[in-house]
Amino acid sequence: EYTKCPYYFFLKRGMELPVWEEIAPQTALDPLQRGTIIHLILEGFLRNYCGEKFLETSEDELRSLLLTQAEKQLETAEPAGIPLLLWDIEREALLEMLGNWLAYEKLRAGKDRMPSRFEQSFGTFGAKDSQPAFRVCAGRHVFDFRGRIDRVDRSLDGTRARVTDYKTGSLSASMAKKMRTPLMSGEKIQLAVYRGALSVLAEFKAIKNIEAEYLHLQPKDGQIVSCGFTDDELTAAAEALPGILEIVGDGIESGAFFIRTSGMVRPSGHCDYCDYLPICGKDRIQREQRKALDPAIRRFMKMLEVPQ
């Protein structure tokens, strides 16, 4: 159904199908650029139209405001040397995706949780941006985490919160299943760390219940998909995190770094997403299998046994 394809406009403008097939795999922005732009647009928009203002303003008016802001941001993001038609296609697809995000947020908006903080920092990033770090003691190792949380929604009474991390990409099949966990055997610790960060920030001391989500804005189909975790799941993850970090700390201390060609998040393999693939080489799977019984590897594999 071509009307749902971001490359539909090639056909709409009367170009031959073989040309459309040849150009379709291209995109104007790389994933990092796209993610940065979407983050900036969402942060800027919600800073201006959050809380009661978001609830009281109609969806049509908010859509107009959002798309106007997005247009201005995208004007400065056009990559050099990209055909104008290709950029038009990507730009229109991103605007449609942002419109879908607004509809999603408007549908779930309520006073039980409203966006209140954006790019909330923890740890020190400079003299003007210094907050307590989130510290985890893991055996004989100590980890101090710093970072920025995309968004924190909070209830009016200040006792409930939801942490949101934006992902500009498709939700993996493993994270869409009921068997998913916040930690995924150490491959996903971001939300557990964010939950811990709220506990050390004075502004959030009154919070008793914390939920968290990866909110995927999917350029492939324009859909908005939430991968969320309850307060109980995050509490269990916080309890398991030190055990995983102890194994990681022991590995760092001993200089043991291991090939992992697949994992919990991408059981079919994640090498295609790795920037260091040339280092591992073409025989990486065979070498991983040969080293599986090495005691150092066995210690690392204990992360799979840590209760999630």
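See the structure shown above.
The notes below deal with the structure included here.

Reading the values: rules and limits
- Residues numbered from 1 in each chain as written.
- Predicted model: local features only at pLDDT ≥ 70, side-chain atom pairs only at ≥ 80, totals over all residues.
- Heavy atoms only, no water.
- Helix = DSSP H or I, 4+ residues; strand = E, 2+ residues; numbered from the N terminus.
- Buried < 20%, exposed > 50% of the residue type's maximum accessible area, 1.4 Å probe, protein only.
- Contact = heavy atoms within 4.5 Å.
- Areas by Shrake-Rupley, 256 points an atom, 1.4 Å probe, with all protein chains shown as cover.
- Pairing = 2+ DSSP bridges.
- Axes fitted to C-alpha atoms, helices over the stretch in contact; angles between N-to-C directions.
- Core = buried A, V, L, I, M, F, W, Y, C linked by side-chain atoms within 4.5 Å.
- Parallel < 35°, antiparallel > 145°, perpendicular 65-115°, else oblique.
- Left-handed = near helix turned anticlockwise from the far one by under 90°.
- Nonpolar A, V, L, I, M, F, W, Y, C, P; charged D, E, K, R; others polar.
- Polar contact = N/O pair within 3.5 Å; in protein donor to acceptor, adjacent residues only side chain to side chain.

## With respect to the overall build of the protein chain
A count of helical and extended segments in the protein chain gives eleven helices and nine strands. Relative to its 308 residues, the protein chain shows a buried fraction of 41%. Across the protein chain, the fraction of contacts at a sequence separation of at least 24, relative to all contacts at a separation of at least 6, is 70%. Accessible surface computed for the protein chain: about 17100 Å², of which carbon and sulfur atoms make up 53%.

## Structural notes on unusual backbone geometry
The backbone phi angle of glutamate 119 is positive, close to 50°, even though this residue is not glycine. Mapped onto the elements, glutamate 119 comes out in strand β1 (residues 114-122). We note that serine 185 has phi near 55°; this positive angle belongs to a residue other than glycine. As for its placement among the helices and strands, serine 185 is situated in the loop between β7 (160-167) and α7 (190-200).

## A look at the sheet that holds strand β8 (residues 209-217)
Reading across the sheet, the five strands line up as β1-β6-β7-β8-β9 and stay open at both edges, with mixed pairing between neighbours. Unpaired on one side and paired on the other, β1 and β9 (224-229) mark the two borders of the sheet. Neighbour-to-neighbour, the strand axes of this sheet turn through a mean angle of 30°, independent of strand direction. Inspection of the sheet shows β8 paired to β9 by six bridges, in the antiparallel sense.

## Some thoughts on the nonpolar core
In this structure, Phe122, Phe134, Phe145, Ile149, Met175 and Leu198 are the most contacted members of the largest nonpolar core, which totals 38 residues. Within the residue set of this core, elements represented by two or more residues are β4 (134-138), β5 (141-145), β6 (147-154), β7, α7, β8, β9 and α8 (231-254). Ranked by residues supplied to this core, first place goes to α8 with seven residues. Among residues more than four places away in sequence, those in contact with phenylalanine 134 are Phe122, Phe143, Asp144, Phe145, Ala192, Val193, Gly196, Ala197, Val200 and Leu241. Among the nonpolar cores identified, the runner-up in size contains 28 residues, and Phe54, Leu62, Leu66 and Tyr166 belong to it.

## Examining the packing of helix α3 (residues 31-48) against helix α6 (residues 84-108)
One way to put it is that α3 packs onto α6 with a least axis distance of 12 Å and a crossing angle of 40°. In terms of axis orientation, α3 runs oblique to α6. Where α3 crosses over α6, the two elements pack in a sense that is right-handed. Residue-level inspection shows Arg34, Ile38, Ile41, Leu42, Phe45 and Leu46 of α3 in contact with α6, the latter providing Glu90, Leu94, Met97, Leu98, Trp101 and Leu102. Its residues placed into classes, the contact of α3 with α6 shows ten nonpolar, no polar and two charged.

## Focus on the side chain of threonine 181
By secondary structure assignment, the location of threonine 181 is in the loop between β7 and α7. Overall, the relative accessible area of 17% leaves threonine 181 in the buried class. Side-chain polar atoms of threonine 181 contact the backbone nitrogen of methionine 184, separated by 2.8 Å.

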